[in-house]
Amino acid sequence: MTETIHARAVLLDMDGTLVDSTAVVERLWVAWAEPRGIDRETVLSVVHGRQGHQSMAIMLPERDHEINLRENQEMLATETSDVDGVVAIAGAAALLKSVEALPHSIVTSADVALMNARMAAAGLTVPQLAVTAESVSASKPDPEGFLRGAELLGVDPADCVVFEDSGAGIQAGLAAGMRVIGVGKHAAAHHPTYLVDDLTQVAIVPTGDGFELTIG
């Protein structure tokens, strides 16, 4: 069964949505957590979709946040230099090509360096506009990043479609008043507006006042 919706702008998460970086994210975060006595299951339930310092604050709530900020910078540098296993999500390149002439932006919890490293490793072109960790004061699940993307594009949030995979990201998109297309098998648990296995199940056709997006 297919569904078609009308929208004017596309906001794209990166990790888990455009690029599959799961292996490296989990490898590095589990290595960070082990000497701090944090079990693997806790790590994997927290880190996806959030900025690193927020993940640390959730897992180590009593710790001075200045330590989290410092260690997050160290983690970002490590992640940027380690892109082993990072690949494109099926259909990502075609989706990026289909929105080239339309209002669109990446909205990611990564910083600029990490975004560029992972997109390059996956063989994907970075859009001209990107809302990164440097652009916001609050991490997903706060809607700030998606609202900032809509503002920069000059499009009402209700006319934006978000592509997301994580619980934090889906929550952020919905809180921004946007329709959210959940990507991947884990997205269903977070109740996005629509759900696809990967980006091959999405087609975008420009119209006079935006575009038609077909799902399925």
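Comments concerning the overall build of the chain
Part 1 of the argument: Tallying secondary structure elements over the chain gives eight helices and 11 strands in all.
Part 2 of the argument: Each of the three principal axes of the chain carries a C-alpha extent, and together these read 55 × 30 × 30 Å.
Part 3 of the argument: A total of 216 residues make up the chain; the buried ones form 49% of that total.
Part 4 of the argument: Here the analysis covers contacts within the chain between residues at least 6 apart in sequence; of these, 63% occur between residues at least 24 apart.

A short note on the pairing of strand β2 (residues 9-12)
Part 1 of the argument: In β2, alternate side chains face the same way, and those of Ala9 and Leu11 on one face and Val10 and Leu12 on the other are all buried.
Part 2 of the argument: The sheet contact formed by β2 and strand β5 (residues 104-107) spans three bridges and is parallel. Each residue of the ladder has a partner; that of Leu11, found in β5, is Ser105.

So, empty space enclosed by the protein
Part 1 of the argument: All told, the structure shown has one cavity of 30 Å³ or more when counted by the stated rule.
Part 2 of the argument: Roughly 70 Å³ of internal volume is contained in the largest cavity.
Part 3 of the argument: Looking at the largest cavity, the residues that line it are Gln51, Val107, Thr108, Ser109, Val131, Thr132, Val136, Ala138, Ser139, Lys140, Asp142 and Gly145.
Part 4 of the argument: Taken together, the residues of the lining of the largest cavity sort by class into four nonpolar, six polar and two charged.

Overview of the environment of Glu144
Part 1 of the argument: Structurally, Glu144 is set in helix α7 (residues 144-153).
Part 2 of the argument: Using a relative accessible area of 24% as the deciding quantity, one classes Glu144 as partly exposed.
Part 3 of the argument: A distance of 2.9 Å separates a polar side-chain atom of Glu144 from the backbone nitrogen of Ala138.

Quick word on the pattern of salt bridges
Part 1 of the argument: What the rule picks out here adds up to 11 salt bridges.
Part 2 of the argument: For the salt bridge of Asp15 with Arg118, the shortest nitrogen-to-oxygen distance reads 3.0 Å. Placement of Asp15 in the loop between β2 and β3 (19-20) and of Arg118 in helix α6 (residues 112-121) is noted, with a sequence separation of 103 residues between them.
Part 3 of the argument: Taking the relative accessible area as the measure of exposure, Arg118 reaches 1% and is therefore buried.
Part 4 of the argument: Where Arg118 meets Glu79, a salt bridge forms, and the shortest distance between an N and an O atom there is 3.4 Å. With Arg118 in helix α6 and Glu79 in helix α4 (residues 65-81), this pair connects stretches of sequence that are 39 residues apart.
Part 5 of the argument: When its relative accessible area of 6% is taken as the criterion, Glu79 is described as buried.

Side note on α7
The α-helix advances 3.6 residues per turn, and as a result positions three or four apart in sequence lie on the same side.
Part 1 of the argument: For α7, the set of buried residues is Gly145, Phe146, Gly149, Ala150 and Leu153. Projected onto a plane normal to the axis of α7, the buried residues spread over an arc of 140° and lie on a single side.
Part 2 of the argument: In the core, the buried residues of α7 are packed alongside β2, β5, β6 (130-131), β7 (160-164) and α8 (167-175).
Part 3 of the argument: After α7 finishes, the residue Gly154 shows a positive phi value of roughly 70°.

Things to note about the side chain of Glu26
Part 1 of the argument: Among the structural elements, Glu26 can be located in helix α1 (residues 22-33).
Part 2 of the argument: In this structure, Glu26 is in contact with Arg40, Leu44 and His48, ignoring residues within four places of it in sequence.

Rules used throughout
Residues numbered from 1 in each chain as written. Predicted model: local features only at pLDDT ≥ 70, side-chain atom pairs only at ≥ 80, totals over all residues. Heavy atoms only, no water. Helix = DSSP H or I, 4+ residues; strand = E, 2+ residues; numbered from the N terminus. Buried < 20%, exposed > 50% of the residue type's maximum accessible area, 1.4 Å probe, protein only. Contact = heavy atoms within 4.5 Å. Pairing = 2+ DSSP bridges. 1 Å grid on protein atoms, 1.4 Å probe; cavity = no way out; pocket = protein on both sides within 12 Å on 5 of 7 lines; lining within 4 Å. Points joined across faces, edges and corners; volume = space filled by probe spheres on them. Nonpolar A, V, L, I, M, F, W, Y, C, P; charged D, E, K, R; others polar. Polar contact = N/O pair within 3.5 Å; in protein donor to acceptor, adjacent residues only side chain to side chain. Salt bridge = Lys/Arg side-chain N within 4 Å of Asp/Glu carboxyl O. Arc of directions from axis to C-beta.

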